Protein chains: 2
Amino acid sequence: ILGSHSKEKSVIITLPYLLFLQGWVRSVRPQKDNLFLHVNDGSSLKPLQVVASSHLNTRDLTFGCAVDITGTLEKSINKRQNVELHAQHIKVVGECNPVDFPFKIKERHSLEYVRQFPHLRCRTNAFSSLLRIRSEATTAIQSFFRDNGYVQIHTPVITSNDCEGAGELFQVEVRSDLLYDPNPHFFSVPAYLTVSAQLHLEVMAGAFSAVYTFGPTFRAENSQSRRHLAEFYMVEAEIAFTESLDDLMKVMEDLFKAATEHVLSCCAEDVELFHKYIAPGNRAIDILKSSSQNFTFSTEWGCDLQTEHEKFLVKHCGNVPVFVINYPYELKPFYARDNQDQPNHTAAAVDLLVPGVGELCGGSLREERLELLSQRLARAGLEDTHAWYLQLREFGSVPHGGFGMGFERYLQCILGLHNIKDVIPFARFSHSCLL
Amino acid sequence: ILGSHSKEKSVIITLPYLLFLQGWVRSVRPQKDNLFLHVNDGSSLKPLQVVASSHLNTRDLTFGCAVDITGTLEKSINKRQNVELHAQHIKVVGECNPVDFPFKIKERHSLEYVRQFPHLRCRTNAFSSLLRIRSEATTAIQSFFRDNGYVQIHTPVITSNDCEGAGELFQVEVRSDLLYDPNPHFFSVPAYLTVSAQLHLEVMAGAFSAVYTFGPTFRAENSQSRRHLAEFYMVEAEIAFTESLDDLMKVMEDLFKAATEHVLSCCAEDVELFHKYIAPGNRAIDILKSSSQNFTFSTEWGCDLQTEHEKFLVKHCGNVPVFVINYPYELKPFYARDNQDQPNHTAAAVDLLVPGVGELCGGSLREERLELLSQRLARAGLEDTHAWYLQLREFGSVPHGGFGMGFERYLQCILGLHNIKDVIPFARFSHSCLL
């Protein structure tokens, strides 16, 4: 079965076509003469219909079992699919007891129920669609940056820095050291899981015009809310020779659009599943009809939209992406660039807020001026630990800036998913680290 | 300056061409009438030659400083470059005091020396080349898997499993918890940094025909040798419906070739720097001339290679990649598939060994048979902690296998670099976690 993203390299085959299919059974419909199966190999949401003679049916041919099937691909007479596989041989290679298997045929299980089975939930339609979308979104983000001349940097997970100074750090140690060692630190210094790759990317923005990283990031937030994960993915970019927030906002917007266009084009079926069944949007006609406003023109289906209707819809959906810029100076970390509008008044920082999620991206111009940065680090008592960071400004400093985008929040935003635990393969949060 | 990988999207420009160049100065050569600069923006190894009138020279125009230059790109009369920038304006945007800057103009610093400055070493030719190669190799690996229908999975860094059972785990905790909390575990259970994504990929190989991951992996090895890092990158793949080691070996070989071809084609200059200056190979003629063998035919330069020479060279370079298969059963972890040649005699495991590095890839077929796996887990006392893993075999189990490739070892192998610390942006190892 050709997966959706394979369409870029589609092949032409002549029917009938001898096919060896391996996958998992998604439905079994025995009829008098024929047996109908749906078999899926994970390459796309849609299964392949398999038709076989009834005598090929066996007791172990159940929902969830793994099969090897040999047959010929032929044109289907049913309109629901273009082709179907006429099977000559069906072999069950891995049984699946329907009583014990937590997912049941034809049942649509809730996301909450499915979440209890982290080792099996990829076998549901919704979560396998999510994982294909996640994979393609990753590809899209990496292509976007490469096409625009960015160098990808593998920034470290383990770090001796606390970039944000926000606390909520995980510490890393070797087990035995915790108990016995007189020097308890494997790295000689306390070491933490990264909360942001920004400082490491700033190192690289001193040699490359543009760099990015895409990887796991950590916050030890003691929360089991729908919004928090202890381990999540961040896209972070840093751009040298940049002097305005407009440049950063343009990159954020272009990134969002490029990734989303790619996902919509390569995973149309998978995205549709979310928009149709899991987080359906509202139909314009329903919004208009349920409003208490007295319209001059009719809001019946079939009547064209009038200006009054358009204005109402725009206002109703006022919930659009918004950039917020120039935050109070003291609210922002030491690296944020002073706008110098008034003494220490605003910093050149920007957040992108999106409906349903809140902050999707956060960025700033970085203070590249040695003296200003030096003063601020001294005030914060960080001049010793950040001596190396000051040196970046001492040797060939350039105006630069960057931002981070939460990858799970991005997926939530485009798919309309309420709970962040439903957009990551294995969720880690306070009191939960399954598998 | 167009970076080397941009050649896929090269543009045609007509000379003279107005250019605004931003970058870092790599050389300054003042002459009587003219000033010659080399300026690099990180997009490729080669700098752009800038020619300016001597009166544009200033005291702060030094090696390492950052500049904005406006001028016209023109055909160069010197054969060393096709084009050069004739500058009208030069502005130093970030000074660089040559006395304090640890890298000196025209000096080739040793890798050991450069390694002391993790925040600045990307400004050297060799390390910026390495980082461009690393970025392109990453692209190549991800393209290889995507083109072959694999779904990319972001497997977790934090895990409650010890995949290999090999010890050497980093434990993850919240700082305050270490001291005060009656339940000392943020995740309620002890949590570690992953040593392998294999078990998580096996989960996914129960729904997708092929999956891979590419990310950081951790070993708390108390070693400062040239071979060990506490944090390194692994490519790991898992393939469903695979019944032979030959299939795995083919993927390993194809991956190696595809990645290397891409790197050689997109980063030719950067790779040449390593092969020419840092890890030069041996010329065939030198190997032949320095041998003690009595050849029938001449080994002088200009004489063609004879069969006796070819045989000698092949033997001399006998150091070629080698697959080793079918390891003793008891040496391999619980998941390795029993070949059943004799009772518990060999396991279907494979390593790829390469010159200079040793083990580059390690893989195996996984035990997909519920009963055999169940027995082995019971013997190891793992039946409770791995109950979820057994369930993967209970529900729609398929023959499958996979492997991991150490990404730093791969880079060492193709570039001939001796020390693993020289192929990663920020090296973490016993007693060292700088930045």
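Given the structure is predicted, the values throughout are model-derived calculations rather than measurements.

1. Looking at the sheet that holds strand 1 (residues 17-30) of chain B
Residue and element names in this part refer to chain B.
Phase 1: One closed barrel accounts for 5 strands, arranged 1-2-3-5-4; its pairing is mixed. Here the strands of the sheet are splayed against their neighbours by 55° on average, with no regard to which way each runs.
Phase 2: Relative to strand 3 (residues 48-53), strand 2 (residues 34-40) is paired through 6 bridges, and the arrangement is antiparallel. The residue of strand 3 that forms the bridge with Asn 34 is Ser 53.

2. Topic: the relation of the copies chain B and chain A
Phase 1: When chain B is fitted to chain A, the residual RMSD is 0.2 Å, and the transformation amounts to a turn of 180° plus an axial shift of 0.1 Å. The relationship between the two copies is best expressed as a two-fold rotation axis. The C-alpha atom lying nearest the rotation axis in chain B is that of B:Val172; the distance is 2.5 Å.
Phase 2: Both copies present the same face, since 99% of the interface residues in chain B are matched by interface residues at the equivalent positions in chain A.

3. Looking at the packing of aromatic side chains
Phase 1: This model, assessed by the stated rule, comprises 40 aromatic pairs over all chains.
Phase 2: Between B:Phe103 and B:Phe117, the ring centres sit 5.7 Å apart and the planes meet at 85°, which makes this aromatic pair edge-to-face. Of the two residues, B:Phe103 sits in the loop between strand 5 (83-94) and helix 1 (111-115) while B:Phe117 sits in the loop between helix 1 and helix 2 (125-147), which places them 14 residues apart along the sequence. Here B:Phe103 and B:Phe117 have matching classes, each one buried.
Phase 3: By the ring-pair criterion, three or more aromatic residues cluster together here, those being A:Phe63, A:Phe101, A:Phe103, A:Tyr113, A:Phe117 and B:Phe395.
Phase 4: Above the plane of the ring of A:Phe429 lies A:Lys421, whose end atom (NZ or CZ) is 4.6 Å from the centre.

4. Concerning the confidence of the model for chain A
Residues and elements named next belong to chain A.
Phase 1: With 95% of its residues at a pLDDT of at least 70, chain A reaches an overall mean of 91.
Phase 2: Taken together, the stretch residues 1-7 has pLDDT below 50 and engages in 23 contacts with residues farther than four places along the chain or on a different chain.
Phase 3: Overall fold confidence for the complex sits at a pTM of 0.92, while the interface term, ipTM, reaches 0.91.

5. Let's talk about the interface of chain B and chain A
Phase 1: Of the residues lining the interface, 104 residues belong to chain B; the matching set on chain A comes to 104 residues.
Phase 2: Of the roughly 8600 Å² buried between chain B and chain A on both sides combined, carbon and sulfur atoms contribute 61%.
Phase 3: On the surface where chain B and chain A come into contact, there are 2 salt bridges.
Phase 4: Here A:Arg146 and B:Glu136 are joined by a salt bridge, their closest N and O atoms 2.8 Å apart.
Phase 5: Ranked by residues supplied to the side of chain B that touches chain A, first place goes to helix 2 of chain B with 11 residues.
Phase 6: Considered class by class, the residues forming the side of chain B that touches chain A number 53 nonpolar, 33 polar and 18 charged.

6. Observations concerning the side chain of A:Ser129
All names here are of chain A.
Phase 1: Take Ser 129: it is sitting in helix 2 (residues 125-147).
Phase 2: Its relative accessible area of 0% is what places Ser 129 among the buried residues.
Phase 3: Filtering out sequence-adjacent residues up to four positions away, Ser 129 remains in contact with Leu 45, Asp 270, Leu 273 and Phe 274.

7. Quick notes on the pattern of salt bridges
All names here are of chain A.
Phase 1: Counting across every chain of the model gives 30 salt bridges over all chains.
Phase 2: Across the salt bridge formed by Arg 366 and Glu 238, the nearest N and O atoms sit 2.8 Å from each other. You can see Arg 366 sitting in strand 14 (residues 358-366) and its partner Glu 238 sitting in strand 11 (residues 231-240), a full 128 residues away along the chain. There is no split in this pair, since Arg 366 and Glu 238 are both buried.
Phase 3: Residues joined in a network through salt bridges with shared partners are Glu 112, Arg 115, Arg 121 and Asp 422.

8. A look at helix 9 (residues 370-379) of chain A
Residues and elements named next belong to chain A.
Phase 1: Burial in helix 9 covers these residues: Leu 373, Arg 376 and Leu 377. Down the axis of helix 9, the sector holding all buried residues measures 100°, keeping them to one side. Those residues of helix 9 that are exposed and angled more than 90 degrees off the buried face are Glu 371 and Arg 379.
Phase 2: Those residues of helix 9 hidden inside the fold are in contact with helix 10 (387-394).
Phase 3: Positive backbone phi, approximately 70°, marks Gly 381, located one or two places after helix 9.

9. Topic: the sheet that holds strand 12 (residues 322-328) of chain A
Residue and element names in this part refer to chain A.
Phase 1: Sheet architecture is open: 7 strands sit in the order 6-10-11-15-14-13-12, paired in mixed fashion. Each edge of the open sheet is held by one strand with a lone partner, namely strand 6 (151-152) and strand 12.
Phase 2: Across the sheet, helix 11 (residues 407-415) lies against strand 10 (210-218), strand 11, strand 13 (346-354), strand 14 and strand 15 (400-406), angled at about 60° from strand 15, the strand it touches most.

10. As for helix 5 (residues 245-266) of chain A
Residues and elements named next belong to chain A.
Phase 1: The first and last C-alpha atoms of helix 5 sit 32 Å apart over 22 residues, in line with the 32 Å expected at 1.5 Å per residue.
Phase 2: What helix 5 keeps buried is the set Leu 245, Leu 248, Met 249, Val 251, Met 252, Leu 255, Ala 259, Thr 260, His 262, Val 263 and Cys 266.
Phase 3: Capping the start of helix 5 is the job of one residue whose side-chain oxygen sits 3.1 Å from the backbone nitrogen of Asp 246: Ser 244.

11. So, the state of the cysteines
Residue and element names in this part refer to chain B.
Phase 1: Taken as a whole, this structure holds 0 disulfides over all chains when the rule is applied.
Phase 2: Residue Cys 96 stays outside any disulfide, its sulfur separated by 7.2 Å from that of Cys 65, the closest cysteine.
Phase 3: Looking at Cys 96, the relative accessible area reads 2%, which means it is buried.

12. So, unusual backbone geometry
Phase 1: Between A:Leu15 and the following residue, A:Pro16, the backbone shows a cis peptide bond with an omega angle of -5°.
Phase 2: In this structure, A:Pro16 sits in the segment before strand 1 (17-30).
Phase 3: Despite not being glycine, A:Lys106 shows a phi value in the positive range, around 65°.
Phase 4: For A:Lys106, the location among the structural elements is in the loop between strand 5 (83-94) and helix 1 (111-115).
Phase 5: Backbone geometry places B:Ser188, a non-glycine residue, at a positive phi of 75°.
Phase 6: Within the fold, B:Ser188 resides in the loop between helix 3 (175-179) and strand 9 (192-193).
Phase 7: Judged by relative accessible area, which is 34%, B:Ser188 ranks as partly exposed.

13. Considering the domain arrangement of chain A
All names here are of chain A.
Phase 1: For chain A, the domain assignment lists domain 1 (17-101) and domain 2 (123-422).
Phase 2: Averaged C-alpha coordinates put domain 1 and domain 2 at centres separated by 43 Å.
Phase 3: If you look at the interface, domain 1 gives 7 residues, while domain 2 gives 7 residues.
Phase 4: Inspection of the domain 1/domain 2 interface yields 1 salt bridge.
Phase 5: For Lys 46, the salt bridge identified is with Glu 269, shortest N-O distance 3.7 Å.
Phase 6: Linking domain 1 with domain 2 are 3 residue pairs in polar contact (both at pLDDT 80 or more), by the criterion used here.
Phase 7: Along the lines of polarity and charge, the residues of the side of domain 1 that touches domain 2 split into 2 nonpolar, 3 polar and 2 charged.

14. Overview of the pairing of strand 8 (residues 170-174) of chain B
Phase 1: Of all 5 residues making up strand 8 of chain B, 5 are buried, and the element is well covered by its neighbours.
Phase 2: Side chains of strand 8 of chain B alternate between two faces, with B:Phe170, B:Val172 and B:Val174 and B:Gln171 and B:Glu173 buried alike.
Phase 3: Two elements, strand 8 (residues 170-174) of chain A and strand 8 of chain B, share 5 bridges in a ladder whose sense is antiparallel. Counterpart to A:Val172 in the pairing with strand 8 of chain B is B:Val172.

Parameters at a glance
- Residues numbered from 1 in each chain as written.
- Chains lettered and ligands numbered in written order.
- Predicted model: local features only at pLDDT ≥ 70, side-chain atom pairs only at ≥ 80, totals over all residues.
- Heavy atoms only, no water.
- Pairing = 2+ DSSP bridges.
- Helix = DSSP H or I, 4+ residues; strand = E, 2+ residues; numbered from the N terminus.
- Axes fitted to C-alpha atoms, helices over the stretch in contact; angles between N-to-C directions.
- Least-squares fit on C-alpha atoms with pLDDT ≥ 70 in both.
- Contact = heavy atoms within 4.5 Å.
- Phe/Tyr/Trp six-rings, centres within 6.5 Å; stacked < 30°, edge-to-face > 60°.
- Buried < 20%, exposed > 50% of the residue type's maximum accessible area, 1.4 Å probe, protein only.
- Lys NZ or Arg CZ within 6 Å of the ring centre and 35° of its normal.
- pLDDT = per-residue confidence, 0-100.
- Buried area = accessible area lost by both parts, 1.4 Å probe.
- Salt bridge = Lys/Arg side-chain N within 4 Å of Asp/Glu carboxyl O.
- Nonpolar A, V, L, I, M, F, W, Y, C, P; charged D, E, K, R; others polar.
- Arc of directions from axis to C-beta.
- Expected span 1.5 Å × (residues − 1).
- Polar contact = N/O pair within 3.5 Å; in protein donor to acceptor, adjacent residues only side chain to side chain.
- Disulfide = S-S within 2.5 Å.
- Domains from an automatic or database assignment.

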